[in-house]
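Report on the structure
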Amino acid sequence: MDLVNALVAFLNFVFIPATAYGAQLALGALGVTLVFGILRFSNFAHGDTMAFGTMVTILATWGLQAMGVSLGPLPTALLALPVGIAVTAALLLATDRAVYRFYRKVRARPIILVIVSMGVMFVMNALVRFIIGVDEYQFTDGARFVINARDFREATGLAEGLALRTTQVITLVTATAAVAALFWFLGKTRTGKSMRAYSDNEDLALLSGINPERVVRVTWIITAALATTAGVLYGLDKSFKAFTYFQLLLPIFASAIVGGLGRPLGAIAGGFIIAFSEVTITYAWKKVLVYLLPESLEPDGLVQLLSTDYKFAVSFVILVIVLLFKPTGLFKGAQT
Amino acid sequence: MNVPVRNLALFGAMAVLFVIAGLVQSWNVALTVLNMGLISAVMALGVNMQWGYAGLFNIGVMGFVALGGLAAVLVSAPPVPEAWAAGGPRVIAGLALGAATIAAAIAWWKRMAPGRVRTVGLVVLLVGGFFLYRAVFDGGVQAVEAVNPAATGYLGGLGLPVLLSWPVGGLLAAGGAWVIGKTALGLRSDYLAIATLGIAEIVIALLKNEDWLARGVKNVVGLPRPVPYEVDLQQSPEFLARVAALGLDPVTASTVTVKLMYAGLFTVVLLGLIWLLQTAWNSPWGRMLRAIRDNETAAAAMGKNVTARHLQVFILGSAICGLAGAMMTTLDSQFVPTSYQPLRFTFLVWVMVIVGGSGNNWGAVLGGFLIWWLWVMVEPIGQALMAALTAGMAEDSALRAHLIDSAAHMRLLTMGLVLLAVLRFSPRGLIPER
Amino acid sequence: MAEPFLIGHEMTGGYGAADILHDCTIAVEKGQIAVIVGPNGAGKSTAMKAVFGMLHLRAGHVRLAGEDITRLSPQDRVARGMAFVPQNANIFTSLSVEENLEMGAFLRRDDIRPTMEQVYTLFPILRDKRRQAAGELSGGQRQQVAVGRALMTEPSVLMLDEPTAGVSPIVMDELFDRIIEVARTGISILMVEQNARQALAIADRGYVLVQGRNAFTGTGAELLADAEVRRTFLGG
């Protein structure tokens, strides 16, 4: 029974990747839940917004790298991130002005806005592929590992190595900073409180003199920041490919719904729930079990509940379970 | 211009477009586009039913179409006796165990009083059932996939006539729709959209990975057809005689004839569906649907079970999409799971419905033909346009190369803009609901 | 007689094609309480909403402190010193009590703490619960939050749409006591009420509306004493 090695393997293959992925999903789900709470529709274009923001950041990163700028051990993309956010915010504001504002004025049904967001998704997707193409891009630079698996093994003398990638640490730090900033903004500033008020009771907010167009503008800017950050962190961790961000729509929406649509705290909780479920259910537990169980009980097969091809099936099943038993989610968001 | 004449003119214009395609490119091309246009029209009818009759946003159309394609395989592919002998019963037993576990879980949840015992029991039941199912199922699957993986490696189908697979495709899709509908209907409309997004991904993931079912990414080729093979026609004396009398080349004539026969079959199905849907729309059932759609609160107050009606519409619409999927796989004579790009085709069908006229069956059909025609024809036109636009640039300019490459993405961009423009400026579409 | 502080004069109009109000006049003096009563469907809430600018008037006008405000939007009227407490959904349930008050003062750029102190003094229970989410409070306390929110703009007119709807009699009495205190600070109160008898008892001026028209007008005491009013609306 080798508890330490089992723990290290668990941390290395399950806990750390799931935490990083959970933070990325949480940021994505925050953007979706914010738009839902304030603009009152499910934004299907969010995945491709993430792709667009990441794309701009990549282009800016290449520009910076060409100029010889670097951030030492940290990825240069972090410097380029504000550029990505700014351009994405401009795109979202322009989209709102050109597309969504009309439907707000005529008080269209929310489902119309969802269909419209599907149209916007395709235009954004085409734009991204038009500008950067469909290839896979790696844009991480700087130090790759904070802790190298080999160094860890040499230092501790254990059989299992623990690798902590720079991108994973950055994900956690950036996500925490972003969430803290968001909650401070919503809880302590006048604009933030007015946004919460608008989300809570639109008519009363208007009566109080809150300017709806201003609330909408700030919402899109924050959404751009969240989406770009989530997309860049995900891309740094894995890689950038124009198609992958659409696939993230399902886990992101599942996270938002699990936590309760419209509830920022729920989006964060949901993100981690989905991430941890996905990773634990598709992980081959044989390695860890071998350390924990005596020889006679060692498993033959991989002990993998679902193959990694079915990663998205996990989010889907969790979504179905939540819809069946508690559609308002953990933190009681919107239902009808 | 009064309405029937206007509609006739629109369809006439559509026919002219196809004739132009035939003259400018070739009759084979025009007929290929026509056949796929017919299938698209059927899909548009299904989606139109869900959106126009009940206001449901189904973004997982591709999943139901894929289920229809699967039916074509399961019904018409020849069975593989060795695979059945090796692991067939075990696979079936595993599936039965899985279904029994779910049924038992549902029954347990319904019978027991709410409380800790019920929840714990549910978890135990599901977890235990899952492991039991895997223990039985995995062994069978391995055995089946080990039988001649290069050529088969799956259980095969029932070897029945392929035309039978079309209604079966509808049934299979209806089953999937029932599961999703029960889960997600009666809640906010966004939730249904997200749930259908998920089901499409799941169905396609299943088809790509469960080799024992339909060979996964190895694809099933050589599915039986309801029409003769071109080579057979080219060797048939009667056919050759008739072709000679008309002064046509036998090879082209054979391909054109086969396509015309498919077109005939599809047209029969399409017309039959339109007749059915129009009759249903004008029946008391249809009137009740319209009442619900126009004022849901009032209808619910009058005792109409809105969710049940929505479920009916959702199932029927998805069944029609499944039918189209079976037709499509029959046309291709092969089942290629990777060709079901979940969003690209779903999106196109929605453009068809919105542009054609949501809520109107003829509108959906027109939209189906028009948008599919545009989608296919825009590519060569777009390439030509881009070449013309970049003619001024240097021969080896990277920008020029990039722009010409990206002409392909312009299709998607154009369709997206078309959808947004129609939704904003002409939401009732070309042939609005009466 | 001098022009009243706030008057909706011979208002005629409705929400759509059909008129609900016909030549209806409602007025209130500075620091006084005016109450609108009448049977269901009489157009009481509609009359008050018309004074606030929430519906289009075909005829008639509204004047505040001598100035014609008929064309102003409700938000603009709030800026002029009118405050409105709707009957339903009149608080931000997910915000704390204190945040509700802050939102009430959204249009103000100066220091709102003195005003908040005044509200807390008027409604002491709100001070105790100021960090709690407003949705967790009882019905009567929520009404206090709603009125407190409206008072944060330091209005000259406070309009209340059925403030005691769905509230127990003891709480109703307490609410009316508070409303009298507010009026004593110089704020005019215009109130629509279903509990006609109790409302008229505290009213300086009463308007009985029937089918969108003024049926009876007078002081609260006069209306309570009037035999016909008593017979038709107050149950004898």
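Presented here is an overview of the structure given in this document. (Residues numbered from 1 in each chain as written. Chains lettered and ligands numbered in written order. Predicted model: local features only at pLDDT ≥ 70, side-chain atom pairs only at ≥ 80, totals over all residues.)

1. Some points on the overall build of chain B
A tally of helices and strands in chain B yields 18 helices and 0 strands. Since a compact globule built from 434 residues should have a radius of gyration of about 22 Å, the 24 Å found for chain B is in line with a globular shape. For the C-alpha atoms alone, the extent of chain B along its principal axes is close to 75 × 60 × 55 Å. Counting only residues that meet the buried cut, chain B has 43% of its 434 residues in that class. Within chain B, contacts between residues at least 6 apart in sequence are counted, and of these 81% link residues at least 24 apart. (Helix = DSSP H or I, 4+ residues; strand = E, 2+ residues; numbered from the N terminus. Rg over C-alpha atoms; globule rule 2.2 N^0.38 Å. Buried ≥ 20, exposed ≤ 12 C-beta atoms within 10 Å, placed from the backbone. Contact = placed C-beta atoms within 7 Å.)

2. Points about the interface of chain A and chain C
Counting from both sides, the interface comprises 13 residues of chain A and, opposite them, 16 residues of chain C. Secondary-structure elements contributing two or more residues to the side of chain A that touches chain C are α7 (190–200) and α8 (202–207) of chain A. Looking at which element gives the most residues to the side of chain A that touches chain C, the answer is α7 of chain A, with 5 residues. Residue composition of the side of chain A that touches chain C, by class: 5 nonpolar, 4 polar and 4 charged. (Nonpolar A, V, L, I, M, F, W, Y, C, P; charged D, E, K, R; others polar.)

3. Things to note about the sheet that holds strand β9 (residues 205–210) of chain C
Residues and elements named next belong to chain C. One open sheet holds the 6 strands; their spatial order is β6-β7-β8-β3-β9-β10, and the pairing between them is mixed. If you trace the sheet from one side to the other, it starts and ends with β6 (82–85) and β10 (213–218), each paired once. Strand after strand, the sheet turns through a mean of 15° between neighbouring axes, direction not considered. Across 4 bridges, strand β3 (residues 33–37) lies against β9 in parallel orientation. Within β9, the residue paired with Ala34 across the bridge is Arg205. Contacts from helix α1 (residues 44–52) reach β3, β6, β7 (157–161), β8 (188–192) and β9 within the one sheet, and its direction differs from that of β8 by about 145°. (Pairing = 2+ DSSP bridges. Axes fitted to C-alpha atoms, helices over the stretch in contact; angles between N-to-C directions.)

4. Focus on the interface of chain B and chain A
The partner chain A presents 36 residues to the 33 residues of chain B that form the contact. Broken down by secondary-structure element, the contributors of at least two residues to the side of chain B that touches chain A are α6 (165–184), α7 (189–209), α15 (342–356) and α18 (407–425) of chain B. Sort the elements by how many residues they give to the side of chain B that touches chain A and α7 of chain B lands first, with 12 residues.

5. Here's the deal with the arrangement of the chains
Of all 2 pairs of chains in contact, the one with the most contacts involves chains A and B. Nothing in chain B touches chain C; the tightest C-alpha to C-alpha distance between them is still 19 Å.

6. As for helix α1 (residues 3–39) of chain A
Residues and elements named next belong to chain A. In this model, α1 (37 residues) spans 50 Å end to end at C-alpha, consistent with the 54 Å of a helix rising 1.5 Å per residue. The principal kink in α1, of about 45°, is found at Leu11. Of the residues flanking the end of α1, it is Arg40, one or two places downstream, whose phi is positive at about 60°. (Expected span 1.5 Å × (residues − 1). Bend = angle between axes of the 7 residues up to and from the residue.)

7. Brief notes about the sheet that holds strand β5 (residues 67–68) of chain C
Residues and elements named next belong to chain C. A sheet is described by the order of its strands in space; here 4 strands give the open sequence β2-β1-β4-β5, paired in antiparallel fashion. Both outer strands of the open sheet, β2 (21–28) and β5, are each paired with one neighbouring strand and no more. Direction of pairing for strand β1 (residues 6–13) relative to strand β4 (residues 57–64): antiparallel, over a ladder of 6 bridges. The partner of Leu6 across the bridge, within β4, is Leu64.

8. A word on unusual backbone geometry
One non-glycine residue with positive phi stands out, namely Asn219 of chain B, at about 65°. One can find Asn219 of chain B in the loop between α8 (211–214) and α9 (230–235). The exposure class assigned to Asn219 of chain B is partly exposed, which follows from the 14 C-beta atoms found within 10 Å. Non-glycine residue Glu154 of chain C carries a positive phi angle of around 50°. Of note, Glu154 of chain C is situated in the loop between α6 (139–151) and β7.

9. Description of the pairing of β8 of chain C
All names here are of chain C. When you tally the buried positions in β8, you get 5 out of 5 residues, the bulk of the element. Going residue by residue along β8, you find Ser188, Leu190 and Val192 tucked away on one face and Ile189 and Met191 tucked away on the opposite face as well. Looking at chain direction, β3 and β8 are connected through 4 bridges and run parallel. Among the inter-strand pairings, Ala34 is bridged to a residue of β8, identified as Leu190. Summarising the sheet, β7 and β8 pair through 5 bridges and their orientation is parallel. Pairing of Met159 across the sheet is with Leu190, part of β8. At this point the chain moves from β7, through helix α7 (residues 169–184), to the parallel β8, and the crossover so formed is right-handed. (Right-handed = clockwise from strand over helix to strand, strands pointing away.)

10. A closer look at helix α3 (residues 61–76) of chain B
Each turn of an α-helix holds 3.6 residues, which means side chains three or four residues apart point in the same direction. An ideal rise of 1.5 Å per residue puts 22 Å on 16 residues; α3 of chain B measures up with 23 Å between its terminal C-alpha atoms. The buried fraction of α3 of chain B amounts to 16 of the 16 residues, a majority that puts the element mostly inside the structure.

11. Some remarks on the pairing of β1 of chain C
By the bridge criterion, 5 bridges tie β1 of chain C to β2 of chain C in an arrangement that is antiparallel. What sits directly across from Gly13 of chain C, in β2 of chain C, is Leu21 of chain C.

12. Topic: the environment of Gly22 of chain B
All names here are of chain B. Structurally, Gly22 can be placed in helix α1 (residues 3–24). Classification of Gly22 by C-beta neighbours within 10 Å gives partly exposed; the count is 17. With 44 residues separating them along the chain, Gly22 and Ala66 place their C-alpha atoms 30 Å apart. Those residues in contact with Gly22 that sit more than four places away from it in its chain are Trp27 and Ala30.

13. What about the packing of helix α2 (residues 27–54) of chain B against helix α16 (residues 361–389) of chain B?
Residue and element names in this part refer to chain B. With their axes 7 Å apart at the nearest point, α2 and α16 run at an angle of 135° to one another. Between α2 and α16, the angle falls in the class oblique. Our pair here, α2 against α16, has a crossing hand that is right-handed. Here Val33, Met36, Gly37, Ser40, Ala41, Met43, Ala44, Leu45 and Asn48 of α2 come into contact with α16, specifically with Asn361, Ala364, Val365, Gly367, Gly368, Phe369, Trp372, Trp373 and Val376. Of the residues assigned to the contact of α2 with α16, the class counts are 12 nonpolar, 6 polar and no charged. (Parallel < 35°, antiparallel > 145°, perpendicular 65-115°, else oblique. Left-handed = near helix turned anticlockwise from the far one by under 90°.)

14. Concerning the environment of Phe176 of chain C
Residue placement: Phe176 of chain C occurs in helix α7. Filtering out sequence-adjacent residues up to four positions away, Phe176 of chain C remains in contact with Gln198 and Ile202 of chain C.

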